[in-house]
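# Breakdown of the fold
So the chains spell out like this:
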Amino acid sequence: MTRVTPIRYDTKTKKKWKILLIISGSVILLYILVLFLESFILSGTDSFSSRGGLVLFYMLLAGLMDISTVVFAISAFMLFDASIYLSRLKKNHFELPEDKKQYDRDLTNLPRTDLVENAYARDSVIGGLLYLLAYLIFVAADIYYVAKWVGLGEKDSIELFVMMMLVHLFFLIFAVVLFRQKDTTKYVDEVDVETSYSRKVRFSINKSIMILLITSMVSIFGIMMAHSMTKYIYKSRYGNYEKTIYDFKEEATMTVSSVDLQNGVWSDRITNTDKGENLSPELSFDKVEGADYYFIYMVDESANNWVHWVASDVREEELATGANVNQYKDNPEFKYVGPYPPVGSGEHTYTIFVYAMKGKPDKDMDLKFDEEFHSADYMYYNYLSISKSGNPDEYGNVIAYGYISGTYSR
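Residues numbered from 1 in each chain as written. Predicted model: local features only at pLDDT ≥ 70, side-chain atom pairs only at ≥ 80, totals over all residues. Heavy atoms only, no water.

## Observations concerning the pairing of strand β7 (residues 293-300)
To be explicit about the condition: Only protein chains enter the accessibility calculation, which uses a 1.4 Å probe. A residue is then buried if its area is under 20% of the maximum for its type, exposed if over 50%, and partly exposed in between. Helix numbering and strand numbering both begin at the N terminus, where a helix is a DSSP run of H or I of at least 4 residues and a strand a DSSP run of E of at least 2. Only strands that DSSP links by at least two bridges are regarded as paired with each other.
For β7, a buried count of eight out of eight residues is recorded, marking the element as mostly surrounded by other parts of the structure. Neither face of β7 is left uncovered, since the one carrying Tyr 293, Phe 295, Tyr 297 and Val 299 and the one carrying Tyr 294, Ile 296, Met 298 and Asp 300 both have all their residues buried. The sheet contact formed by β7 and strand β11 (residues 348-357) spans eight bridges and is antiparallel. Bridge assignment links Tyr 297 to a residue of β11, and that residue is Phe 353. With six bridges joining them, β7 and strand β8 (residues 306-314) adopt antiparallel strand pairing. When the sheet's bridge partners are listed, Ile 296 is paired in β8 with Ala 311. Here β7 folds back onto β8, and the loop between the two strands holds five residues, one of which, Asn 304, carries a positive phi near 55°.

## Describing the packing of aromatic side chains
Rules: Stacked, tilted and edge-to-face pairs are distinguished by plane angle, under 30 degrees for stacked and over 60 for edge-to-face with tilted covering the rest, among Phe, Tyr and Trp rings (Trp via its six-membered ring) whose centres lie within 6.5 Å. Definition used: whenever NZ (Lys) or CZ (Arg) falls within 6 Å of the ring centre and also within 35 degrees of the ring normal, the charge is taken to sit over that ring.
All told, the structure shown has 26 aromatic pairs when counted by the stated rule. Note on Phe 170 and Phe 174: the rings are 5.5 Å apart at their centroids and 35° apart in plane angle, and the pair reads as tilted. Remark: Phe 174 and Phe 170 occur in helix α5 (residues 169-180); sequence separation between them is four residues, near one turn of the helix. Aromatic pair Tyr 380 and Tyr 381: ring centres 5.0 Å apart, planes at 85°, arrangement edge-to-face. In this structure an aromatic cluster arises from ring pairing among Phe 248, Phe 295, Tyr 297, Phe 353, Tyr 355, Tyr 380, Tyr 381, Tyr 401 and Tyr 403. Its end group placed over the ring of Tyr 120, Arg 88 keeps NZ or CZ at 4.0 Å from the ring centre. The positively charged end of Lys 235 is found above the aromatic ring belonging to Tyr 241, 5.7 Å away from the centroid.

## A word on the pairing of β11
Burial runs high along β11: nine of the 10 residues are buried. Here β11 runs beside strand β14 (residues 398-408); their pairing, made up of 10 bridges, is antiparallel. Directly across from Ile 352, in β14, lies its bridge partner Ile 404.

## Thoughts on the sheet that holds strand β9 (residues 318-319)
The strand order across the open sheet formed by three strands is β3-β6-β9, and the pairing between neighbours is antiparallel. Edge positions in the open sheet fall to β3 (256-257) and β9, since each of these has one partner strand only. Across two bridges, the pairing between β3 and strand β6 (residues 283-285) is antiparallel. The partner of Ser 257 across the bridge, within β6, is Ser 284.

## A short note on the side chain of Ser 385
Heads up, the rule is: When checking whether two residues touch, look at their non-hydrogen atoms; a contact exists if any pair is within 4.5 Å.
Inspection of the secondary structure puts Ser 385 in the loop between α8 (376-384) and β12 (386-388). Not counting residues up to four positions away in its chain, the partners in contact with Ser 385 are Tyr 380, Glu 394, Tyr 395, Gly 396, Asn 397 and Val 398.

## Topic: the nonpolar core
Side chains of a nonpolar character, in soluble globular proteins, are inclined to be buried together. Definition in use: Each nonpolar core is a collection of buried residues, namely Ala, Val, Leu, Ile, Met, Phe, Trp, Tyr and Cys, held together in the definition by side-chain atoms within 4.5 Å.
Leu 283, Ile 296, Trp 309, Ile 352 and Val 354 are the most contacted members of the largest nonpolar core, which totals 26 residues. When contributions to this core are tallied by element, the ones reaching two or more residues are β6, β7, β8, β10 (334-336), β11 and β14. For this core, the leading source of residues is β11, giving four residues. Setting aside its immediate chain neighbours within four residues, Val 354 contacts Met 254, Val 256, Leu 283, Phe 285, Tyr 294, Phe 295, Ile 296, Ala 400, Tyr 401 and Gly 402. Core analysis: the second largest hydrophobic core is formed by 21 residues, Tyr 131, Phe 138, Trp 149 and Tyr 234 among them.

## Quick notes on the pattern of salt bridges
For clarity, the threshold we go by: Salt bridge, as used here, is a side-chain nitrogen of Lys or Arg placed within 4 Å of a carboxyl oxygen of Asp or Glu.
Enumeration according to the criterion identifies 15 salt bridges in this entry. Close ionic contact of Asp 156 with Arg 237 constitutes a salt bridge, the shortest N to O distance being 3.2 Å. Of the two residues, Asp 156 sits in the loop between α3 (122-151) and α4 (157-167) while Arg 237 sits in helix α6 (residues 205-238), which places them 81 residues apart along the sequence. The class for Asp 156 is partly exposed, based on a relative accessible area of 46%. For Arg 237, a relative accessible area of 42% translates into the label partly exposed. For Asp 313, the salt bridge goes to Arg 315, with nearest N and O atoms at 2.7 Å. Look at Asp 313 and you get partly exposed, because its relative accessible area is 22%. With a relative accessible area of 46%, Arg 315 lands in the partly exposed category. Each of Arg 8, Asp 81, Glu 190 and Lys 207 takes part in a single network of salt bridges with overlapping partners.

If you want it as structure tokens, here you go:
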């Protein structure tokens, strides 16, 4: 009993894939052309029915585009695979079959003018080297992933790193398999006639490359997902994903107080009204170990965070009432304007946030004053606490923060 060596492609099949490639490619080109001329076409159409017809045409074409993209990709690979296969048949001195059914799909029935065997054993070496290179690239990507995220404090990323390393072992295992197939005593090419059961058919270079492309795309997607997932977790812990100003306030650890706030209402003297003196409030807060200076930020939360106080270089933990006109009067980094809510606008909530800073933030920001600006949580996550700007930003420049809040109306 002999083994049947199948004929994988014939010239008729190759032509069919070529026609499918041309048709699907034409649909894709037509879709691109219609998108390019869409505004021009619509500008020349006035009636509602005509526009409706065009929309229906676009929808139909978009559906055909989706199908054609899949058909185009499959046809391109099959045409590529068939072309290489038939080319190798010819180089192995076989007559190219127009219809493999005429030869019972058996390569032994196909006429040939000379005997050639294992002419493509080098495919195994080339394929093995490609898979080994892919393995090294993905291992490097895995190491970069774990080094980046563990360095940012995400120790849970080690589990994902181990999983990715195990998955990427596929490339190394497949490389070993391909290197073994270079042995001509155990393997033959798919265009060789093998009449015994002693040897197996090796992977051709085109099959190896196709599998490599598919597995590489899956691996790339997996690495991207690992980065995205870890970034989301990182931002959830240190950044502002799914956090509000209320979440931010709940995590405050510094105690802030002021004698100018009584029963939840700010004193008239801190206001910029006819009753006030426009004096910055008295302020006392905790001394924070390791803090180089303190950043004070006062906003009217009822007026979309209207900024009333920005002091970006405060060195003491107690400020007397009117520091803006006394010890800090000539300091350009100490800006204050008292509350001045519109008459009859009801109670406004004025909140003072104090941040204990380890050093200057790494990310620059053009601070606004006496106008609408960022909320206190945005200031923290996107500016003040950034110790190193990058992708993602590194946090830790704010050691602690606290706030005090009160109302004022007139």
